[in-house]
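# Summary of structural features
Chain by chain, the residues run as shown.
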Amino acid sequence: MSVLVTGGAGFIGSHLCEALLKKGLSVICLDNFDPFYDPQLKHANLELCHKNEKFSLINGDILDKNQLENVFKTNAVDAVFHLAALAGVRPSIQNPARYAHVNVVGTTNLLELAQRYNVKKCLLASTSSIYGNNTKVPFSESDLVNEPVSPYAASKRAAELMAYNMHHLYGFPVACIRFFTVYGPRQRPEMAIHKFTRMIDQGERIPVFNHGHCLRDYTYIDDIIQGVLGVYDTDFSFDIINLGESQTISTLDLITLIEEQLGKKARLDLLPAQDGDVEQTFADISKAKKDYGYDPKFSVRDGFSLFMAWYQRIKK
Ligand code: NAD
């Protein structure tokens, strides 16, 4: 059985490819090695996968519909894990059209072809950013999400709506999985935990927005992968599912944790809130637990120790 993982060379995608190979599945990874961050890091992410003969890599773009169609024509794809996207909240404000193009048109290309080529199910990477400045916590899948505060969030919500429509018209099974800030080995270099660790380690000053009072539900990568596999192994028609730890930590407390584990003091520039950033994220994960066997295990302290061990290894 073949599964297609788009964005499979990225942070979450590469962990997912490894987990799917471990399950004995044949994995086709499609990624365009977008230069949002160093493509060499993405090639390195796939080192382990390349050792497995059931793994194949296509250097391809979800915006290239002919190439995408060829993937479905020449492979019997059973399921699609769609993670390819332009991620990153702040850069999306500088380039909303590009985010809309990749995240909405690219996703629509994929959904249309997957449905047409009789793929059995599609799992789509969505995001907690969709909740915007929701004041009701924890964030539940039934909350209204009509007020995105960044083009990234808006594009991801639009992708969910295209997925719903594909389900409505054709009965195509799609699960939209809203990830809450994911971290761990291979985390994208511009994301807070990775960036702060690197900058504190190198003695650089850190700009800390909203004076460090933002609250985030940080989710360890192994928990995310367990949750995604739980969804894959369950029957669904259309669903939206939160995956988080359902615990929050402020930016200032996170920085203290990094200082403790690095044994170095941070130099902070405390700044006002930035456009696009939400004040807090906090996942209600009761649906994922009840319907999909989600069983998250990592406190941010435990998960951060594992991130740190990886960081110390790769920086040498
Ligand atoms: P990532 O940037 O490491 O991975 C995304 C991958 O998609 C990259 O390898 C990139 O090269 C590829 N890609 C981008 N545009 C493409 C295109 N047009 N065609 C083919 N491939 C393309 O990001 P990540 O952190 O691993 O995120 C994976 C998914 O999860 C994304 O959809 C993201 O929006 C979502 N997500 C991530 C987080 C998080 O905390 N990391 C949180 C919520 C949602």
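Residues numbered from 1 in each chain as written. Predicted model: local features only at pLDDT ≥ 70, side-chain atom pairs only at ≥ 80, totals over all residues. Heavy atoms only, no water.

The next thing to look at is the site of the ligand. Not every one of the 29 residues close to the ligand is listed here, only the nearest: Asp-31, Tyr-37, Tyr-152, Lys-156 and Val-182. Here a nitrogen atom of the ligand and a backbone polar atom of Asn-32 are 3.3 Å apart. The separation between a nitrogen atom of the ligand and a polar main-chain atom of Ile-62 is 3.0 Å. Sorting the residues of the shell around the ligand by element identifies α1 (11-22), β5 (121-127) and α7 (151-170) as the ones contributing at least two each. When residues of the shell around the ligand are assigned to their parent elements, the largest contribution, three residues, is made by β5. Tallied by class, residues from the shell around the ligand come to 16 nonpolar, seven polar and six charged. (Near = heavy atom within 4 Å. Polar contact = N/O pair within 3.5 Å; in protein donor to acceptor, adjacent residues only side chain to side chain. Helix = DSSP H or I, 4+ residues; strand = E, 2+ residues; numbered from the N terminus. Nonpolar A, V, L, I, M, F, W, Y, C, P; charged D, E, K, R; others polar.)

Interaxial distance between α1 and helix α9 (residues 221-232) falls to 10 Å at its minimum, and their mutual angle equals 55 degrees. Judged by the inter-axis angle, α1 sits oblique to α9. Crossing geometry of α1 relative to α9 is assigned as right-handed. Of the residues in α9, those touching α1 at Phe-11, Ile-12, His-15, Leu-16, Ala-19 and Leu-20 are Ile-221, Ile-224, Ile-225, Val-228 and Leu-229. Of the residues assigned to the contact of α1 with α9, the class counts are ten nonpolar, one polar and no charged. (Axes fitted to C-alpha atoms, helices over the stretch in contact; angles between N-to-C directions. Parallel < 35°, antiparallel > 145°, perpendicular 65-115°, else oblique. Left-handed = near helix turned anticlockwise from the far one by under 90°. Contact = heavy atoms within 4.5 Å.)

A separate point is the pattern of salt bridges. In total, this model carries 20 salt bridges according to the counting rule given. We note a salt bridge from Arg-188 to Glu-190, for which the minimum N-O separation is 2.6 Å. By relative accessible area, which is 16% here, Arg-188 ends up buried. Among the charged side chains, a salt-bridge network with shared partners connects Lys-65, Glu-69, Glu-112 and Arg-116. (Salt bridge = Lys/Arg side-chain N within 4 Å of Asp/Glu carboxyl O. Buried < 20%, exposed > 50% of the residue type's maximum accessible area, 1.4 Å probe, protein only.)

Next up on the list: unusual backbone geometry. In this chain, Val-137 is followed by Pro-138 through a cis amide linkage whose omega measures -10 degrees. Within the secondary structure, Pro-138 is located in the loop between β5 and α7.

One open sheet accounts for seven strands, arranged β3-β2-β1-β4-β5-β6-β11; its pairing is parallel. Lying at the two open borders of the sheet, with one neighbouring strand each, are β3 (55-59) and β11 (238-243). With direction set aside, neighbouring strand axes in the sheet form an average angle of 20 degrees. Direction of pairing for strand β1 (residues 2-6) relative to strand β2 (residues 26-31): parallel, over a ladder of five bridges. The residue of β2 that forms the bridge with Ser-2 is Ser-26. (Pairing = 2+ DSSP bridges.)

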